[in-house]
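# Descriptive analysis of the structure
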2 protein chains.
Amino acid sequence: MLGEATVDWQSKRREATRQEILAAAWAAARESGLAALTLRQVAARVGMRAPSLYSHFTSKHAIYDAMFAQAWQEYDAVAEAHELPSEPRTALREVARRFFDFAVADLPRHQLMNVRTIPDFTPSARSYAEAVRVFDRYRAVMAAIGITADEDLDLFVALVGGLVDAQWANDPGGTRYARLLDRAVDMYADALQLPQVHADQEEP
Amino acid sequence: MLGEATVDWQSKRREATRQEILAAAWAAARESGLAALTLRQVAARVGMRAPSLYSHFTSKHAIYDAMFAQAWQEYDAVAEAHELPSEPRTALREVARRFFDFAVADLPRHQLMNVRTIPDFTPSARSYAEAVRVFDRYRAVMAAIGITADEDLDLFVALVGGLVDAQWANDPGGTRYARLLDRAVDMYADALQLPQVHADQEEP
DNA sequence: GTCTATAGTTTGATAGAC
DNA sequence: GTCTATCAAACTATAGAC
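My aim in this report is to walk through the structure given alongside it, one point at a time. (Residues numbered from 1 in each chain as written. Chains lettered and ligands numbered in written order. Predicted model: local features only at pLDDT ≥ 70, side-chain atom pairs only at ≥ 80, totals over all residues. Heavy atoms only, no water.)

A separate point is the protein's contact with DNA strand D. As a matter of local geometry, DNA strand D sits amid 15 residues, with A:R14, A:S52, A:S55, A:H56 and B:T38 nearest to it. Counted by atom, the contact set of DNA strand D within 4 Å of the protein is 66% sugar and phosphate. Between DNA strand D and the protein, one listed contact pairs a phosphate oxygen with a side-chain N or O atom of A:R14 at 2.2 Å. A distance of 2.5 Å separates a phosphate oxygen of DNA strand D from a polar side-chain atom of A:S52. Classifying every residue of the surface near DNA strand D by side-chain character gives six nonpolar, five polar and four charged. (Near = heavy atom within 4 Å. Polar contact = N/O pair within 3.5 Å; in protein donor to acceptor, adjacent residues only side chain to side chain. Nonpolar A, V, L, I, M, F, W, Y, C, P; charged D, E, K, R; others polar.)

Okay, structure coming up:
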């Protein structure tokens, strides 16, 4: 009587509940701040009492961990969706803009992905693998542009990440550092002596 | 009988206690993380009970606020202490190295100064003024080097800050991004067409 | 003025009924 | 799987000893 169909339905329902809880956690984090998230707050949003969450996550950190993995999966999907232009400098600009826009769109998500904000929280190996997957894709994209040295990859990450952090710290919601992004990328491309774009529309 | 001398002694003692509490708070933050700091933890370090701290600070946030001001005062003292070389690129490297080393030396201090880690904490106007003082000094130093445009100042802050954040996030305690600092500064100096250093010791 | 004692509230987590 | 009940720890605030 309890065949595969029942088990399947149950596990689907269980997964759906997990996703509901995660969505509630993101909403709560956006409202109160990532570190200020409380289990009662999350539970209330899904119509539960706080202890019930422990049927789906072993601890508060386990929720943070699932959020961490989900955020990197989201970014991986964004990166996968877009084809890059063949011209190296244009492609480089797009890589930078893509990461910048994603990081600037959601503060708690950015904090969880790129800043160690929660004391004692370290992503599990399983969740960290999602971040590694994105970095592997980044490595491949940069190789296609013509950049392969580890130090060059690190410098680009630091450059774009620095603009993101400065944007959040000094002008949240504004464009003070967003405006500098293309210029920063060009500066980097010049230093690496990447081929210049054909200046078709220069000085008309 | 209660003359100026008594008042002076009392206020000195009071200020000393304040400083003891702040020192204990820094130590606790370094041990447990900035956001995980508890008043009991701080009080225990100075041989008090938690409520006694309220005689010296009106709230936990007031302690964070005093720490924020103290951190920027510290940096201002570091910046004031050093004379900069006259050669622009060398000076620029020193400005970057000074900030980088300071930020990488102490995680909770860096988080408090440059990252919004504590939910609901915003520095008071009085404390924020300390950060502004440092930025004004930065502006003057950069002007002496020959850099005055706001966008140029912002880009340099983002560049060096990005290396700091990447160092903390991806290689805490290491030198993976510290090694890229001079190269990053040169890249920036090239983009701004700062005069080249005399290549006295090039290709010996 | 400074500290202790203490009370009230919030939060993460566990136990056990159903 | 969800609930109620409950605990330990932590922040805030107040009353009162000295």
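The subject of this paragraph is the interface of chain A and chain B. On the chain B side, the residues contacting the 30 residues of chain A number 30 residues. Across the interface of chain A and chain B, roughly 2600 Å² is buried in total on both sides, 63% from carbon and sulfur atoms. Considering only the surface of chain A that becomes buried against chain B, A:L155, A:R183 and A:M187 emerge as the three largest contributors, covering 23% of it. Here chain A is connected to chain B by four salt bridges. Of the charged contacts in the structure, one is a salt bridge between B:R176 and A:D154, with a shortest N-O distance of 2.7 Å. The interface formed by chain A and chain B holds six residue pairs in polar contact (both at pLDDT 80 or more) in total. Looking at the side of chain A that touches chain B, the elements with two or more residues in it are helix 5 (107–114), helix 7 (150–170) and helix 8 (181–191) of chain A. It is helix 7 of chain A that provides the largest number of residues to the side of chain A that touches chain B, a total of 11 residues. (Contact = heavy atoms within 4.5 Å. Buried area = accessible area lost by both parts, 1.4 Å probe. Salt bridge = Lys/Arg side-chain N within 4 Å of Asp/Glu carboxyl O. Helix = DSSP H or I, 4+ residues; strand = E, 2+ residues; numbered from the N terminus.)

Moving on, we come to the packing of helix 3 (residues 60–81) of chain A against helix 6 (residues 125–145) of chain A. Residue and element names in this part refer to chain A. Remark: helix 3 packs on helix 6, axes separated minimally by 8 Å, with the N-to-C direction vectors making an angle of 20°. Here helix 3 is positioned roughly parallel relative to helix 6, judged by the angle of their axes. As helix 3 runs across helix 6, the sense of the crossing is left-handed. Residues D65, F68, A69, W72, Q73, Y75, D76, A79 and E80 of helix 3 form the contact with helix 6, whose participating residues are S127, Y128, E130, A131, R133, V134 and R137. Considering only residue class, the contact of helix 3 with helix 6 consists of eight nonpolar, two polar and six charged. (Axes fitted to C-alpha atoms, helices over the stretch in contact; angles between N-to-C directions. Parallel < 35°, antiparallel > 145°, perpendicular 65-115°, else oblique. Left-handed = near helix turned anticlockwise from the far one by under 90°.)

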